[in-house]
Amino acid sequence: MSQPPLLLTVGEIARRLDTKVHRIEYIIRSRRIEATGWAGHARVFSQASFDHIASELSRMDAERNRQSSTRV
């Protein structure tokens, strides 16, 4: 029997990416990433959404580091 798809809450995404929930919320809102569904009152996201969020977080961090290194 196949495994059900992995669905992650915003808090679980933040924990797995070792960042704060508000950063994940910002990415979801600003990139208009749609929730896969709902588990009670919590939005849940697919693995593909998790990968998209992780790549955007990395891109934001790289941009932040690039900007801070040019200010020195």
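Look up a bit, the structure's there.
What comes next concerns the included structure. (Residues numbered from 1 in each chain as written. Predicted model: local features only at pLDDT ≥ 70, side-chain atom pairs only at ≥ 80, totals over all residues. Heavy atoms only, no water.)

## Remarks on the overall build of the protein
Counting its regular elements, the protein contains three helices and two strands. When the elements of the protein are put in sequence order from the N terminus, they spell out α-α-β-β-α. For 72 residues, the compact-globule formula gives about 11 Å, and the C-alpha radius of gyration of the protein, at 14 Å, lies well above that figure. For the protein, the spread of C-alpha atoms along the three principal axes comes to 55 × 25 × 20 Å. When burial is assessed residue by residue, the protein has 29% of its 72 residues classed as buried. Taking the contacts inside the protein whose residues are at least 6 apart along the sequence as the reference set, 56% of them involve residues at least 24 apart. (Helix = DSSP H or I, 4+ residues; strand = E, 2+ residues; numbered from the N terminus. Rg over C-alpha atoms; globule rule 2.2 N^0.38 Å. Buried < 20%, exposed > 50% of the residue type's maximum accessible area, 1.4 Å probe, protein only. Contact = heavy atoms within 4.5 Å.)

## Regarding the nonpolar core
Core analysis: the largest hydrophobic core is formed by 13 residues, its most contacted members being Ile13, Ile24, Ile27, Ile28, Ile33, Phe45 and Ile53. Where this core is concerned, the elements lending two or more residues are helix H1 (10-16), helix H2 (21-30) and helix H3 (47-71). Top contributing element to this core by residue count: H3, with four residues. With near-sequence residues (within four places) excluded, Ile28 lies in contact with Val10, Ile33, Arg43, Phe45 and Ile53. (Core = buried A, V, L, I, M, F, W, Y, C linked by side-chain atoms within 4.5 Å.)

## Regarding the pattern of salt bridges
All chains considered together, the criterion is met by seven salt bridges. With its nearest N and O atoms 2.6 Å apart, the salt bridge here joins Asp61 to Arg23. Of the two residues, Asp61 sits in helix H3 while Arg23 sits in helix H2, which places them 38 residues apart along the sequence. In this structure Arg23 comes out as buried when scored by relative accessible area, which is 16%. Of the charged contacts, one joins Arg43 and Glu25 as a salt bridge, the two residues approaching to 2.7 Å between their closest N and O atoms. With Arg43 in strand S2 (residues 42-44) and Glu25 in helix H2, this residue pair connects regions lying 18 residues apart in the sequence. (Salt bridge = Lys/Arg side-chain N within 4 Å of Asp/Glu carboxyl O.)

## Overview of the side chain of Thr19
Along the chain, the position of Thr19 falls in the loop between H1 and H2. Taking the relative accessible area as the measure of exposure, Thr19 reaches 17% and is therefore buried. Leaving out residues up to four positions away in the same chain, Thr19 has contacts with Ala14, Ile24 and Leu57.

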